Structure formats: structure tokens, C-alpha cells
Amino acid sequence: DTEYFVMSINGEYGIISRTGEIIAPAKYFMINPGRNGFFTAFRKFGEKDSVTNSLGLTLLNSKGEELFTPKTEYNIVGEEGDGLIPAGKNDPYGNKKFMCYIDHNGDPISLLWGNFDNAWGFSNGFAIVKRDGKYGIINTKGTLVENCVYEELTRSANYPELFEAYISGAKVYLQPGGNHYWKK
């Protein structure tokens, strides 16, 4: 959102408007750039510089209000999209992420709780996910509409309704769960 910017003061982050109005004070460990008027943020708990400090994930609206009490069970977050936020946690060894989607209340969406290595924000009802090093696409109902078989997968810059993928080195344009157009 170009009306708002993430600012840093003494190593802590907040949100400022284009006109210079402070929307959220600089009290956050991290704030992601906003999307659709929402900003995902981590806030520290405990005493400053304490080893007992922990981080809590929250969602800020365009007024700087926290939409839910920070959740300490997540240490990974993506951008909000279609009212859902990809969130997750590394396993104890830091080798794998376990991703899910949470709503604007911070509640996990049970249908979208997957054992994904990574998950990206929804847009127009679809999100890219990664499992075992391969990419696929899910819908907001949690259905895997494109299996995790692609080596690369992105939203097409040239064709907004399509995704671009590579499988076995071949490029394909695809509509999630629908037509596939192979590039020769």
C-alpha cells in the first residue's frame, strides 16, 4: 500500500502515512510491507534485551490497530491476501516449516492447515504452496487444485489469470485446476 510506509526508530518498526502521520508507533520487532490495508507484524514480549523475550505475530489495520492479541505460536508469516495470512513455525531443528493460514482474528483455518514447507498469500482465491521442494496451488477451501509437482511456479506477469510453471524443464502456463498451455 503506497499510502503507508514502514519506518524504523532505534531498531524498532512502526507505520507512517504519506503525510507523515504516525499510524503505528515504532514498537514492533518487524513489520511486513502492507497489502490491502493490512500489515503483519511481530511484537516482542518480556523485558528489553532479555533472553526470555519472545515474539508474537499480530495483524495491524490501516489505523495501526492490532486486530488480535499477538500469537507466539508462529515465527514465520507471509502477506495477507483474500482475508487470509500464511503463518507457520520452523521445526525445532530449523529444517522445515509447517505452514497454515490464519484469519483476521488470528484463528487458524482448519481446512487450510497443511504440512507445507512454504505458503504464499492468496490472490483471486488461489495461493502457491511448496511441499518437498515442489510447488503447487491451493484454493481458499484448502483443496490442492494443482499438485506439488512443479520445479518453479509464479503468477504470470503477462497473463493475470494464469500461473507460469516449469515441470521437467518445460514451461507451462496454467489456470489452477483447469487448462494448461505448454510453451514450445
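The structure displayed is predicted, hence computed values, not measured ones.

Q: What's the story with the overall build of the protein chain in this structure? I'm lost.
A: Counting secondary structure elements, the protein chain contains zero helices and 17 strands. As displayed, the protein chain has an accessible area near 10,100 Å², and 50% of this comes from carbon and sulfur atoms.

Q: For this particular structure, what's the right way to read the side chain of Glu146?
A: Within the fold, Glu146 resides in strand 13 (residues 144-150). Separated by 2.9 Å, the side chains of Glu146 and Tyr150 make a polar contact. Engagement of the side chain of Glu146 in a polar contact is seen with the side chain of His180, the distance being 3.2 Å. In this view, Glu146 contacts Gly136, Ile137, Leu174, Gln175, Pro176, Gly177, Gly178 and His180; residues no more than four positions away in its chain are not counted.

Q: I tried to follow the pairing of strand 2 (residues 12-17) on my own but got confused; where do I start?
A: Each regular strand carries side chains that alternate between the two faces of the sheet. Relative to strand 2, strand 1 (residues 4-9) runs antiparallel, the two being bridged by six bridges. The partner of Ile9 across the bridge, within strand 2, is Glu12. The antiparallel pairing of strand 1 with strand 2 creates a hairpin that spans two residues between the two strands, and Asn10 there sits at a positive phi of about 50°. Here three bridges tie strand 2 to strand 3 (residues 22-28), and the two strands are oriented antiparallel to one another. Opposite Ile16, over in strand 3, you have Ile22 as the bridge partner.

Q: Hey, could you run me through the side chain of Lys171 in this one?
A: Here Lys171 lies in strand 16 (residues 170-174). A distance of 3.4 Å separates a polar atom in the side chain of Lys171 from a polar atom in the side chain of Glu164. Among residues more than four places away in sequence, those in contact with Lys171 are Glu164, Ala165, Tyr166, Tyr181, Trp182 and Lys183.

Q: Sorry if this is basic, but what is going on with unusual backbone geometry here?
A: Here the phi dihedral of Asn10 falls at roughly 50°; this positive angle occurs in a residue that is not glycine. By secondary structure assignment, the location of Asn10 is in the loop between strand 1 and strand 2. Residue Asn36 is not a glycine yet carries a positive backbone phi of 60°.

Q: It is not clear to me how the sheet that holds strand 8 (residues 85-90) should be interpreted in this structure. Could you clarify?
A: Across a sheet, paired strands are connected by hydrogen bonds in the backbone, their directions being either parallel or antiparallel. Read from one edge of the open sheet, three strands run 7-8-9, paired in antiparallel fashion. Every interior strand has two partners, whereas the edge strands, strand 7 (76-77) and strand 9 (97-102), have only one. When strand 7 meets strand 8, the two strands line up antiparallel, connected through two bridges. Within the sheet, the bridge partner assigned to Ile76 lies in strand 8 and is Gly88.

Q: Just to check I follow, could you spell out the packing of aromatic side chains for this structure?
A: Aromatic rings considered in pairs are described by the distance between their centres and by the relative angle of their planes. Within this structure, the stated rule accounts for four aromatic pairs. With centroids separated by 5.9 Å and ring planes inclined at 45°, the aromatic side chains of Trp120 and Tyr135 adopt a geometry described as tilted. Of the two residues, Trp120 is situated in the loop between strand 10 (118-119) and strand 11 (126-131) and Tyr135 in strand 12 (residues 134-139); the sequence distance between them amounts to 15 residues. A residue is classified by how much of its surface remains accessible, and Trp120, at 35% relative accessible area, is partly exposed. Aromatic side chains Tyr159 and Tyr173 sit 5.5 Å apart centroid to centroid with 90° between the ring planes, which places their arrangement in the edge-to-face category. Highlighted residues: Tyr159 in the loop between strand 14 (152-155) and strand 15 (163-167) and Tyr173 in strand 16, separated in sequence by 14 residues. Overall, Tyr159 belongs to the partly exposed group, its relative accessible area being 41%.

Q: Could you clarify how one ought to interpret the sheet that holds strand 14 in this entry?
A: With antiparallel pairing, the four strands of this open sheet are ordered in space as 14-15-16-17. Looking at strand neighbours, the two that pair on one side only are strand 14 and strand 17 (180-182), the edges of this open sheet. Taken pair by pair, the neighbouring strands of this sheet meet at an average axis angle of 25°, ignoring direction.

What counts, and at which threshold
- Residues numbered from 1 in each chain as written.
- Predicted model: local features only at pLDDT ≥ 70, side-chain atom pairs only at ≥ 80, totals over all residues.
- Heavy atoms only, no water.
- Helix = DSSP H or I, 4+ residues; strand = E, 2+ residues; numbered from the N terminus.
- Areas by Shrake-Rupley, 256 points an atom, 1.4 Å probe, with all protein chains shown as cover.
- Polar contact = N/O pair within 3.5 Å; in protein donor to acceptor, adjacent residues only side chain to side chain.
- Contact = heavy atoms within 4.5 Å.
- Pairing = 2+ DSSP bridges.
- Phe/Tyr/Trp six-rings, centres within 6.5 Å; stacked < 30°, edge-to-face > 60°.
- Buried < 20%, exposed > 50% of the residue type's maximum accessible area, 1.4 Å probe, protein only.
- Axes fitted to C-alpha atoms, helices over the stretch in contact; angles between N-to-C directions.

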